[in-house]
Amino acid sequence: MQPKVSIMIPIWSEVDSLKVVVDGLYERIGDYIHEIFFIVAPQSSAACFNMCQRLASEHPEIQVMIQKVCPGLGHAYKQVFPHVTGTHMLVIDADDEMDLDTVPKMVAAAEQGYDLVLPTRWMPGGGVKGYDTMTYILNRGFQTIFRLVFLTPARDLTYGFKLFNTRLINEVDWWGEWHEIAMETTLKPLKLGYKYIEIPTWWKARTQGVSKINTLKRMRYVKFALRIRFANIKKRI
Ligand SMILES: Nc1nc2c(ncn2[C@@H]2O[C@H](COP(=O)(O)OP(=O)(O)OP(=O)(O)O)[C@@H](O)[C@H]2O)c(=O)[nH]1
Ligand SMILES: [Mg+2]
């Protein structure tokens, strides 16, 4: 069955990079796009809102949502989740740091039956361009700790870029309010035994706009991962 791909793009004051991402997605997987959710931080610039409206007027699949509880990437995801109607969900940032050429390979993997497709920077054929030293050390440290805690061979457990079967959305109780939602959407399906595949990918540092992430706040990830590993993660019905 051909996947119907629902795309979520979290946006905070992104302008030109957002257009690059949207144009790139239509170019590469246009036939698979079922719907696109722009979830936009209300503090975003006027130029960002103008770009969102312009792209939405060009593409009927795009819905622009203003984030109600902000900041917090987790709040953004949880606002979008109840509206998703596709078979698979692709999450991709608007800052053009994620490799668009990986996207058709992700959709092909979904078509082959994988429920969780993980673009992976830490495997042969992938990597990062422009990571600062602190981020690099922290990221490699987290990957090692989480692989041991979850006893998984998967190599990129914190990356937000991914594609998953939308059945996951209703199966799981979602906790993350900030950037930790990125690892939550990988660690929880792995814990539930979703059939996954890793695909090598490159990450490159943004050339426009500014990062909204605070490096020290990432230390909370370890406690969060332990909670996912040992607590009940399924939605109580
Ligand atoms: N709606 C919404 N979007 C956000 C929020 N925080 C960040 N974003 C967007 O989410 C994406 C990822 O945010 P970044 O700040 O680049 O975080 P990151 O990519 O994890 O960190 P860097 O590696 O430093 O770029 C970008 O498209 C941002 O514009 C938020 O609270 N709400
Ligand atoms: Mg980024």
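Residues numbered from 1 in each chain as written. Chains lettered and ligands numbered in written order. Predicted model: local features only at pLDDT ≥ 70, side-chain atom pairs only at ≥ 80, totals over all residues. Heavy atoms only, no water.

Caption draft 1: Region of the structure containing the overall build of the protein. Secondary structure assignment for the protein yields eight helices and nine strands. Relative to the compact-globule value of 18 Å for 237 residues, the protein shows a C-alpha radius of gyration of 17 Å, a close match. Oriented by its inertia axes, the alpha-carbon framework of the protein measures out at about 45 × 40 × 40 Å. Put simply, of all contacts in the protein between residues at least 6 apart along the chain, 80% involve residues at least 24 apart. In the structure as shown, the protein presents an accessible area of about 10800 Å², 56% of it carried by carbon and sulfur atoms. Taken together, the 29 basic and 24 acidic charged side chains of the protein have centroids lying 8 Å from each other. (Helix = DSSP H or I, 4+ residues; strand = E, 2+ residues; numbered from the N terminus. Rg over C-alpha atoms; globule rule 2.2 N^0.38 Å. Contact = heavy atoms within 4.5 Å. Areas by Shrake-Rupley, 256 points an atom, 1.4 Å probe, with all protein chains shown as cover. Lys, Arg positive; Asp, Glu negative; His and termini not counted. Charge placed at Lys NZ, Arg CZ, Asp CG, Glu CD.)

Caption draft 2: Highlighting the environment of G130. Topologically, G130 is positioned in the loop between β6 (127-129) and α5 (133-150). Assessed through its relative accessible area of 61%, G130 is described here as exposed. As for G130 and C70, which are separated by 60 residues in sequence, their C-alpha atoms are 28 Å apart. With sequence-adjacent residues up to four places away left out, G130 is seen in contact with W203 and A205. (Buried < 20%, exposed > 50% of the residue type's maximum accessible area, 1.4 Å probe, protein only.)

Caption draft 3: Inspection of the pattern of salt bridges at higher detail. Applying the stated criterion to the full structure yields 14 salt bridges. The salt bridge partner of R206 is E14, with a shortest N-O separation of 3.1 Å. Of this pair, R206 sits in the loop between β9 (202-204) and α8 (220-230) while E14 sits in the loop between β1 (5-11) and α1 (16-29), placing them 192 residues apart in sequence. The class of R206 is buried, set by a relative accessible area of 18%. When the shortest N-O distance is used, the salt bridge between D23 and K19 registers 2.7 Å. With a gap of four residues between them, D23 and K19 both fall in helix α1, about one helical turn apart. A residue is classified by how much of its surface remains accessible, and D23, at 27% relative accessible area, is partly exposed. Each of D115, R167, E171 and K234 takes part in one network of salt bridges that share partners. (Salt bridge = Lys/Arg side-chain N within 4 Å of Asp/Glu carboxyl O.)

Caption draft 4: Just unusual backbone geometry, in detail. Geometrically, the link from C70 to P71 is a cis peptide bond, its omega value of 10 degrees lying close to zero. Topologically, P71 is positioned in the loop between β3 (62-66) and α3 (73-80). Phi at S13 is positive, roughly 55 degrees, even though this residue is not glycine. Checked against the element boundaries, S13 lands in the loop between β1 and α1. The class of S13 is partly exposed, set by a relative accessible area of 26%. Even without glycine at this site, L151 takes up a positive phi of about 50 degrees.

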